[in-house]
Amino acid sequence: MVKTEFDEHLNSGLIQVLLVSRDAYPRLEGLKHNFQDSDERVKWRSKQNIDFALMFDYGRNLSLYYLQLEDDVICAPFFIDGIRDFINQQEQDKVKWVVLSFSELGFIGKLYRTSDLARLVRFLYLFYDDQPVDWLYQYFARLLVVPTHIVRK
């Protein structure tokens, strides 16, 4: 269905589809229960961490930046231009950053330099069954001793 509906975008490289072997995933049974979550919820959360790690690993050589958006996000007009302008301002001001947050919702709207993604991938694999991804990215940024910047407009 994806090929039929989006053939032009697949051929142009705008859309890329990852098919990941189950062998890429660590065990998803007998996971830690740090919260009052059911086994099913813990498995889903742990798998989600690995899913993100796999996407980051795939995307780390595609561009200078990686922006995490969900498929149901509707961006404001000039969203990308605003991000580009904000990054340029940070670079001019020589502000050091690990992640820029363009949304307060969970892990949506998080921007990374792709040069940091390999470390983030290792971090997510290390703690995949420990915490939700929207907490792990905050710990990752703190470990690098750089505060996250939240952009509000």
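Notes on the structure follow. (Residues numbered from 1 in each chain as written. Predicted model: local features only at pLDDT ≥ 70, side-chain atom pairs only at ≥ 80, totals over all residues. Heavy atoms only, no water.)

### A few points about the side chain of S101
What counts, and what does not: Strands are runs of DSSP state E lasting at least 2 residues, helices are runs of H or I lasting at least 4, and numbering of each runs from the N terminus. When accessible area is computed with a 1.4 Å probe and restricted to protein chains, residues below 20% of their type maximum are described as buried, those above 50% as exposed, and intermediate ones as partly exposed. The term polar contact refers here to a pair of N or O atoms within 3.5 Å; inside protein, the definition further demands a hydrogen-donor-capable atom paired with an acceptor-capable atom, and it admits residues adjacent in sequence only when both atoms are side-chain atoms.
Here S101 shows up in strand β2 (residues 99-101). Exposure remark for S101: the relative accessible area of 5% places this residue in the buried category. Reaching out from S101, the side chain makes a polar contact with the backbone oxygen of S103 at a distance of 2.7 Å. Reaching out from S101, the side chain makes a polar contact with the side chain of K110 at a distance of 2.9 Å.

### Let's talk about the nonpolar core
Which entries qualify depends on this criterion: Grouping buried Ala, Val, Leu, Ile, Met, Phe, Trp, Tyr and Cys residues that are joined through side-chain atoms within 4.5 Å yields what is termed a nonpolar core. Contacts are residue-level and defined by heavy atoms, with any inter-residue pair within 4.5 Å sufficient.
Residues F56, F107, Y112, L120 and L124 are the most contacted members of the largest nonpolar core, which totals 18 residues. Not counting residues up to four positions away in its chain, the partners in contact with L124 are N49, F52, A53, F56, V133 and L136.

### Notes on the pairing of strand β1 (residues 65-68)
Threshold: Note on pairing: DSSP must find at least two bridges between two strands before they are called paired.
Alternating residues of β1 divide into Y66 and Q68, all buried, and Y65 and L67, none buried. As defined by bridge partners, β1 adjoins strand β3 (residues 110-113) across 4 bridges and the pair is classed as antiparallel. Paired with Q68 across the two strands is K110, which belongs to β3.

### A look at helix α4 (residues 117-126)
Counted only if it meets this: Think of it as the arc spanned by the lines of direction from the helix axis to the C-beta atoms.
Of all the residues in α4, the buried ones are L117, L120, V121, F123 and L124. Within α4, the buried residues cover an arc of 165 degrees as seen down the axis, which keeps them to one side. Counted as exposed and oriented over 90 degrees from the buried face of α4: R122 and L126. Buried residues belonging to α4 abut α2 (39-59), β1, β3 and α5 (133-143).

### Some points on helix α3 (residues 79-92)
Where we set the bar: For a helix, the expected span equals 1.5 Å multiplied by the residue count minus one.
With 14 residues, α3 extends 20 Å from end C-alpha to end C-alpha; this agrees with the ideal 20 Å at 1.5 Å per step. Of the positions making up α3, those classed as buried are F79, I83, I87 and Q90. Down the axis, α3 shows its buried residues gathered within 70 degrees of arc, on one side only. Exposed and oriented more than 90 degrees from the buried face of α3 are D85 and Q92. On its buried face, α3 sits against β1, β2 and β3. Of the residues one or two after α3, K94 is the one with positive phi, at around 55 degrees.

### Concerning the packing of α4 against α5
The condition that has to hold: Fitted lines through C-alpha atoms serve as axes, helices being fitted only where they are in contact, and the angles separating the N-to-C directions of these axes extend from 0 to 180 degrees. Under this scheme an angle from 65 to 115 degrees is roughly perpendicular, one under 35 degrees roughly parallel, and one over 145 degrees roughly antiparallel; angles in between are oblique. By the definition used in this description, the sense in which the near helix is turned from the far one sets the handedness, with an anticlockwise turn below a right angle giving left-handed and a clockwise turn giving right-handed. Each residue gets one of three labels, nonpolar for Ala, Val, Leu, Ile, Met, Phe, Trp, Tyr, Cys and Pro, charged for Asp, Glu, Lys and Arg, and polar for the others, Gly among them.
Relative to each other, α4 and α5 sit at 125 degrees, their axes nearing to 10 Å. Taken as axis vectors, α4 and α5 run oblique relative to one another. Crossing angle aside, the handedness with which α4 passes α5 is right-handed. Contacts between α4 and α5 involve R119, L120, F123 and L124 from the first element and V133, L136, Y139, F140 and L143 from the second. Residues that form the contact of α4 with α5 fall into these classes: 8 nonpolar, no polar and 1 charged.

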